[in-house]
Number of protein chains: 2
Amino acid sequence: MYIALDAMGGDLAPQAPVAGAVQAAREYGVSLLLVGDQEKIRQELSRNGQCESSQLAIQHASEVIEMGDSPVAALRRKRDSSLRVAFTQVKDGKAGAVVSAGNSGAVLGLAVTRLGCLPDVERPAIVTVVPALSGRTCLVDAGANVECKPVHLVQFAIMGEVYARVVRGIRSPRVGVLSNGEEDSKGTETTRAAHTVLSRLPLNYIGYIEGRELNNSGVDVAVTDGFTGNIALKTMEGFYDFTQGQLRSLFASSWRGKLAFLLLKRSFADLRASIDYDEVGGAPLLGTDGVTIIAHGSSSPKAIKNAIRVAHESLQRGVNRHITESLQRLPDLEALTADGRGRKIWSQLRQKFRPTKDAAAEAGTPAAPDKIGPPNRHDTRDETEPPEPAE
Amino acid sequence: MYIALDAMGGDLAPQAPVAGAVQAAREYGVSLLLVGDQEKIRQELSRNGQCESSQLAIQHASEVIEMGDSPVAALRRKRDSSLRVAFTQVKDGKAGAVVSAGNSGAVLGLAVTRLGCLPDVERPAIVTVVPALSGRTCLVDAGANVECKPVHLVQFAIMGEVYARVVRGIRSPRVGVLSNGEEDSKGTETTRAAHTVLSRLPLNYIGYIEGRELNNSGVDVAVTDGFTGNIALKTMEGFYDFTQGQLRSLFASSWRGKLAFLLLKRSFADLRASIDYDEVGGAPLLGTDGVTIIAHGSSSPKAIKNAIRVAHESLQRGVNRHITESLQRLPDLEALTADGRGRKIWSQLRQKFRPTKDAAAEAGTPAAPDKIGPPNRHDTRDETEPPEPAE
């Protein structure tokens, strides 16, 4: 299955996307459909010692959505943009995924309008993988949905859990809802309703988490609306720049600093790589009927290569099938929106999950491997309080 | 005017509060009313080479609100707590301010119930001063109000601006509303309504700011609801811990690291001090009829000393008088809540501000020094678009 790469998207296009594609084809053996101006793509391929082939195919598109274009205008006017044509490849079944470092608003808009949502998904959401003390944390939604209902947060939790488990290989991802405190009484009306439902679902739900847990490995999937998620993410980026600035002036301020910098130079490069966005390889948009990876506008070839890897893994491991299966096992989450407290949902939940539990207990076997989270977790949750989030 | 210090509040009470009080009395010449168990306070005073005096007076209180007490229970049951008695001193006119490192929920609850709000203030808000590349940024609201209406955000902006100008001495503080992007179309319904009103008020309003601007000195007052403010703040704290952890392991991992650490040890201490919470001295709660400074639960004597300094400056510079005057000059912000867009408000605004502007122009003099922001700013704003926030 081809992965369609928007060869014209991003600040460094077409050089970085094409170079990244060549690296990805070599390293992961994936087949890529490079979408954009075919002359320019051919030039870039030859600059990388390659030519058009079945593994590095070209799909011509005559227009480019610029970073400054308004997404709405871009979607309506540029009918032959590289990005739109890339999504058309997926819609037509010629490719399974789109990777783009272009205008992220346009990527979002085209993904939703061209691919549509998966069954039962109300709103697609962006997962951003942020650095943490050990491993990384999936923050969902990182900016696609500014105003959310409880049902959306619950769906983000399910989709984020599936992504962390199926693509990132975390056995039983700990899921938390971002809030202004750990107590059940904290949060907004929306987070409280989502929190109540999530604490009864067969997820490894650890409850509310605070902002300080995003980077301390206390949680694997942090769930929030796109407004708060974007602000948390940008706050991290800003604080990173701030500390970098502080360190730079510390190293430059004296001979001791300069000498220390020389001693640490190599370790700093390693440290930076561990936080490095390029390693993460873009943010998946979960919930559309196809795989979409939104890469950073300033993506390097390495970042593009890793974004292609993430697209490849998402396809190979069937992330969308897992999302659909997980959502289909849930009760009608719409009920949650109606009463705002999720009361109605309990009876539905009990009916839905009790039989599975009883059957599993009787058979003495663990539940199916693609069940959300470890089955025993749900059993204990029915009787006991959710555990406190890790400090 | 006395400053009432909750001598029993905080993880290190009564040692840290009393030691901080002794330092503040010496350094700033302020008079303090130490509220709490008089025997313990006397012991701590003598440990600091002091005894009860008119400058270091004691007000006995038999109970203590513990950090783990539920604020509601604490307020209802412990009628003779040191915190409650401290607020009573302000209510009775015996003191002008309360400083406490105790249970912050209880501080908030008692401040609102004992002191009440200033005229025209709908909701008091917490200002937290966060480190930035040069200087610091006032984040308001840092956690007092989880769900906010546009009128609240507008009031937070006014109160934050007054605090930055009057207490922190910034001549014309740049005010921004925290959002998920800089364009007017971004944000929630609530932020958009607040944004529209703020861009027409005589403030140095620079528009929407993103999370990355909180620590890069692009703004002096960042306005948000208490839910988002708390998450942004805790995200910074978490990211700080994360980078500290990374640096620690970098220094410990090799002889080069260890040597570099020895070289940098002193500079690191300076760096830490520049970010240090202790230097800031607590978060003022703005909008109540009295001065309240919420210090961190783990406040050291130095943090308490600085919190007392902030209380002293707030009293001396009449921050509450300035807030009241600024709010009284505004049109009826309630109208904003009614139509959600603030359309009605324009006509009121024009009537309210045009005469002042014309009068100032005729007289050829700058507006009164306590006017919010530079008067000319408003003149240009009526005709032109608000400038882009600084990068």
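Since this is a predicted model, take the numbers as computed values, not measurements. (Residues numbered from 1 in each chain as written. Chains lettered and ligands numbered in written order. Predicted model: local features only at pLDDT ≥ 70, side-chain atom pairs only at ≥ 80, totals over all residues. Heavy atoms only, no water.)

Participant: Help me understand the overall build of chain A in this model?
Facilitator: In terms of helices and strands, chain A carries 15 helices and 11 strands. The buried share of chain A, taken over its 391 residues, is 58%. When contacts within chain A are restricted to residue pairs at least 6 apart in sequence, long-range pairs at least 24 apart make up 72% of them. As presented, chain A carries roughly 15600 Å² of accessible surface, and 49% of it is formed by carbon and sulfur atoms. (Helix = DSSP H or I, 4+ residues; strand = E, 2+ residues; numbered from the N terminus. Buried < 20%, exposed > 50% of the residue type's maximum accessible area, 1.4 Å probe, protein only. Contact = heavy atoms within 4.5 Å. Areas by Shrake-Rupley, 256 points an atom, 1.4 Å probe, with all protein chains shown as cover.)

Participant: Would you explain the relation of the copies chain B and chain A in this entry?
Facilitator: The transformation that overlays chain B on chain A combines an axial shift of 0.0 Å with a rotation of 180°, and the residual RMSD is 0.0 Å. In symmetry terms, the pair is related by a two-fold rotation axis. Every residue of chain B has its C-alpha some distance from the rotation axis, and the shortest such distance is that of B:Ala260, at 2.3 Å. The residues that chain B uses at the interface reappear at the interface of chain A in 100% of cases, marking a shared surface. (Least-squares fit on C-alpha atoms with pLDDT ≥ 70 in both.)

Participant: How do you make sense of the interface of chain B and chain A when you look at a structure like this?
Facilitator: Note: interface size is frequently given as the accessible area lost on complex formation between the parts. Taken together, the contact pairs 51 residues of chain B with 51 residues of chain A. Interface area for chain B against chain A, summed over the two sides, is near 4500 Å², with a carbon-plus-sulfur share of 69%. In this assembly, chain B and chain A are joined by 6 salt bridges. A salt bridge links B:Lys234 to A:Glu210, with the shortest nitrogen-to-oxygen separation between them at 2.5 Å. Between chain B and chain A we count 10 residue pairs in polar contact (both at pLDDT 80 or more) in total. Put simply, the parts of the chain that give the side of chain B that touches chain A at least two residues each are helix H7 (189-198), helix H8 (226-252) and helix H9 (255-275) of chain B. A per-element tally of the side of chain B that touches chain A places H8(B) first, with 20 residues. Across the side of chain B that touches chain A, the residue classes tally to 25 nonpolar, 17 polar and 9 charged. (Buried area = accessible area lost by both parts, 1.4 Å probe. Salt bridge = Lys/Arg side-chain N within 4 Å of Asp/Glu carboxyl O. Polar contact = N/O pair within 3.5 Å; in protein donor to acceptor, adjacent residues only side chain to side chain. Nonpolar A, V, L, I, M, F, W, Y, C, P; charged D, E, K, R; others polar.)

Participant: For this particular structure, what's the right way to read the packing of helix H1 (residues 15-28) of chain B against helix H2 (residues 38-47) of chain B?
Facilitator: For any two helices packed against each other, the geometry is given by the interaxial angle and the distance between the axes. Residues and elements named next belong to chain B. Orientation of H1 relative to H2, taken along the N-to-C sense of each, is 55°, at an axis distance of 9 Å. Overall, the two elements H1 and H2 adopt an arrangement that is oblique. Here H1 runs over H2; the crossing is right-handed. Only Ile41, Glu44, Leu45 and Arg47 of H2 make contact with H1, whose side of the interface consists of Gln15, Val18 and Val22. In terms of residue class, the contact of H1 with H2 is made up of 4 nonpolar, 1 polar and 2 charged. (Axes fitted to C-alpha atoms, helices over the stretch in contact; angles between N-to-C directions. Parallel < 35°, antiparallel > 145°, perpendicular 65-115°, else oblique. Left-handed = near helix turned anticlockwise from the far one by under 90°.)

Participant: Sorry, what's going on with the sheet that holds strand E5 (residues 125-131) of chain B here?
Facilitator: The pairing of strands in a sheet comes from backbone hydrogen bonds and takes either a parallel or an antiparallel form. Residue and element names in this part refer to chain B. Strand order in this open sheet of 11 strands is E3-E2-E1-E4-E11-E10-E5-E6-E9-E7-E8, and the pairing throughout is mixed. Edge strands, defined here as strands with exactly one partner in the open sheet, are strand E3 (56-60) and strand E8 (205-209). The mean inter-strand angle of the sheet, taken between neighbouring strand axes irrespective of direction, is 25°. Two elements, E5 and strand E10 (residues 283-286), share 2 bridges in a ladder whose sense is antiparallel. When the bridges of E10 are listed, Ala125 appears paired with Leu286. Contacts from H7 reach strand E7 (175-178) and E8 within the one sheet, and its direction differs from that of E8 by about 165°. (Pairing = 2+ DSSP bridges.)

Participant: Please clarify how the packing of aromatic side chains should be interpreted in this entry.
Facilitator: The description of an aromatic ring pair rests on the distance of the ring centres and on the angle between the ring planes. Residues and elements named next belong to chain A. Under the counting rule described, the total for this entry stands at 7 aromatic pairs over all chains. Both rings, one in Phe251 and one in Phe261, keep their centres 5.3 Å apart while their planes meet at 55°; by these two values the pair is tilted. With Phe251 in helix H8 (residues 226-252) and Phe261 in helix H9 (residues 255-275), the pair connects residues that are 10 residues apart, well separated along the chain. A relative accessible area of 9% means that Phe251 is categorised as buried. Judged by relative accessible area, Phe261 falls into the partly exposed class, the value being 32%. (Phe/Tyr/Trp six-rings, centres within 6.5 Å; stacked < 30°, edge-to-face > 60°.)

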